[in-house]
Amino acid sequence: MQTLNRFVIFTKRIFTKKIYVLMLAALILMTLVYVSLPTKNQTADIKVALYCQDTSGYYEQVLSTLYEKNSLYTFYEADSEKDLIYEVKSQKAECGFYIPEGFFDAYILGQKDTQMIQYVIPSSALATAISETLYSNILQVCSPKILESAVNTPEYNQELTEGMDYYMNSDEIFTVSDVSNGKLD
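Residues numbered from 1 in each chain as written. Predicted model: local features only at pLDDT ≥ 70, side-chain atom pairs only at ≥ 80, totals over all residues. Heavy atoms only, no water.

**As for the pairing of strand S3 (residues 95-99)**
Inference 1: In terms of burial, S3 is largely enclosed, as 5 of its 5 residues are buried.
Inference 2: On S3, burial covers both faces: Cys95, Phe97 and Ile99 on one face and Gly96 and Tyr98 on the other are all buried.
Inference 3: Note that strand S1 (residues 46-52) and S3 share 5 bridges and pair parallel. Note on S3: the bridge partner recorded for Tyr51 is Tyr98. (Buried < 20%, exposed > 50% of the residue type's maximum accessible area, 1.4 Å probe, protein only. Helix = DSSP H or I, 4+ residues; strand = E, 2+ residues; numbered from the N terminus. Pairing = 2+ DSSP bridges.)

**Section: the packing of aromatic side chains**
Inference 1: Following the criterion strictly, the structure yields 6 aromatic pairs and no others.
Inference 2: With centroids separated by 5.9 Å and ring planes inclined at 35 degrees, the aromatic side chains of Tyr58 and Phe104 adopt a geometry described as tilted. Of the two residues, Tyr58 sits in helix H4 (residues 58-69) while Phe104 sits in helix H6 (residues 103-109), which places them 46 residues apart along the sequence. As far as burial versus exposure is concerned, Tyr58 and Phe104 are alike and both buried.
Inference 3: Ring centres 6.5 Å apart and planes at 80 degrees place the aromatic pair Tyr73 and Phe75 in the edge-to-face group.
Inference 4: Members of the aromatic cluster, each reached through a chain of ring pairs, are Tyr58, Phe103, Phe104 and Tyr107. (Phe/Tyr/Trp six-rings, centres within 6.5 Å; stacked < 30°, edge-to-face > 60°.)

Below is the structure:
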């Protein structure tokens with residue numbers, strides 16, 4: 001009985017202040033609006049358009065690694081460079097990337113004459129983070145070939161590729177084994 005009386009007293013105190021009633025009503029209203037939103041609008045769906053003219057086969061590998069990682073960004077292919085620019089200007093995509101013919105071979109050889117183009121609008125706030133996600137996937141796909149090109153010793157190519165794959169995909173390379181002692185393997 002005493003608990004019920006306290007509840008009634010505290011409730012009367014809350015409802016005597018108009019600002020408290022207004023805040024409670026606003027919370028309930030915002031909750032109802034959020035619950036009634038479609039599921040698609042409740043999640044962050046950041047779209048990134050890609051258009052590639054490079055036919056070397058690396059682009060498909062980059063796309064598959066992007067899809068496997070299931071990142072915050074949704075990468076999709078545009079039909080042409082014109083469509084890519086339209087998607088970015090109409091803000092259907094946060095940003096867009098145009099990959100010209102010969103980009104991957106030039107990237108592997110360290111040549112800077114064929115460059116990727118990023119299209120953004122001034123209000124785009126995530127362009128740098130999206131670029132890092134895309135470039136890290138490109139590096140992951142191209143790094144074995146970059147290593148082979150740098151060493152330029154064909155008899156070691158298989159061993160170099162296996163070592164690079166192990167390095168890129170292993171969780172044994174850089175792991176914290178004992179946090180309390182501060183040891184780093």
